[in-house]
Structures are given as C-alpha cells and as structure tokens.
Amino acid sequence: MKKKLIPEWISVGVLSERTGVSVSALHFYERKGLIKSQRNTSNHRQYPKQVIRIVSIIQVAQRTGFSLEEILLELQVLPNHTRITLEDWEALGIRWQDELDRKIAQLTELKNMMTDCIGYGCLSLERCKLLNPYDELGKKGAGPRLMTL
C-alpha cells in the first residue's frame, strides 16, 4: 500500500481533517499568530503542510496546561517557525518539562491543602490555606480589607 503524499499547500478543511481541530479553531489560531496561511488565486486560505505538525504541538501543549500566549512565545523562539524539526520538538520538550514540573508541584500542594481542609472539616478563615493563604490580609488587621468606596 502506497503512502498518500500530502501536497505542499493544503486547505483549511484538509488541515482540520488531518489534525482533528475545527476550522473555526484554526482560524482563531491564525488570528492569534500561532499559524500562518497564504491566499491562493481563488482567495482561499492555504497552509503549508508543515502547519499540521505545529497544530499538533499546539494541541499537546494545551492539553498539558499551557496557554496560547505561552505556546506562541515558544513557537517564536524556534529558528524556523514554519517548519518544526525533531530537534525543535526535543528543545520544546526540555523547556516545557521544567514548567510541567512546577505545575505538578503546585497541584500537589493544592491537593495537600484540600486534604487538610477536608480533614479539618473547617474552611475556617483562620486555618484554611485555600481561602486565606498565609493569612496575608489578617496581618493588616480585622475586618474587610478588599472593599473600596
């Protein structure tokens, strides 16, 4: 069975079909600067086939908790934003691993705090690390501190 070759330029419909991302989401990615297209002679968007890999990376990054702004910053650092190589992907993975470790640590801390709250059965303003972390507002005295007139 022959492998089907992808043309150098593909329509938004083909890109959607190949990535599983809706056409409207692809247009949104383009408005945000994550992907780029050109117009053909019929004024239809055409994407270079390498955009398939970029969209796949965007999907992976979003599933692991990165915002579109963070993803855009990472894509802009790559030497050739329009064609991501294996080396580029490995470099992204290394940079993102540190951030993922930080997020895992934050979530673990949150989980432990919730376990403490459930264990206390309290959600008290004096003891709860979730409602009043480090009792920052308590240091400023009693009563409401965030109200403005």
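Before reading on, note that the structure itself is shown above.
Within any chain, residue numbers begin from 1 and follow the written order of that chain's sequence. At least 70 in pLDDT is required for a residue's local features to be given in this predicted model, at least 80 for side-chain atom pairs to be given and counted, and no such filter applies to totals for whole chains, interfaces and linings, which use all residues. Side-chain metrics rest on all non-hydrogen atoms present in the structure, leaving aside hydrogens and water.

Student: Would you mind going over the sheet that holds strand S3 (residues 45-48) in detail, with residue names and values included?
Tutor: Taken together, 3 strands build an open sheet; the order of strands is S1-S3-S2 and the sheet is antiparallel. Among the strands making up the open sheet, the edge pair consists of strand S1 (9-11) and strand S2 (38-39). Two strands qualify as a pair provided DSSP detects at least 2 bridges between them. Secondary structure elements are taken from DSSP: a helix is a run of H or I of four residues or more, a strand is a run of E of two residues or more, and numbering for both begins at the N terminus. Bridge count for S2 against S3 is 2 bridges, and the pairing is antiparallel. Bridging from a neighbouring strand, Arg39 pairs with Arg45 of S3.

Student: Now, about the packing of helix H3 (residues 51-63) against helix H4 (residues 68-77): what can you tell me, with residues and values included?
Tutor: Remark: H3 packs on H4, axes separated minimally by 10 Å, with the N-to-C direction vectors making an angle of 135 degrees. Viewed along their axes, H3 and H4 adopt a mutual orientation that is oblique. Our pair here, H3 against H4, has a crossing hand that is right-handed. For the pair H3 and H4, the contacting residues are Ile54, Ile58, Ala61 and Gln62 in the first and Leu68, Ile71 and Leu75 in the second. Classification used: nonpolar for Ala, Val, Leu, Ile, Met, Phe, Trp, Tyr, Cys and Pro, charged for Asp, Glu, Lys and Arg, polar for all others including Gly. Classifying every residue of the contact of H3 with H4 by side-chain character gives 6 nonpolar, 1 polar and no charged. To define axes, lines are fitted to C-alpha atoms, for helices over the stretch in contact only, and angles between the resulting N-to-C directions are given on a 0 to 180 degree scale. Angles are sorted into four bins: roughly parallel if under 35 degrees, roughly antiparallel if over 145, roughly perpendicular if 65 to 115, and oblique for all others. Handedness of a helix crossing follows the sense of rotation of the near helix relative to the far helix, less than a right angle counterclockwise being left-handed and clockwise being right-handed. Contacts between residues were defined by any pair of non-hydrogen atoms, one from each residue, lying within 4.5 Å.

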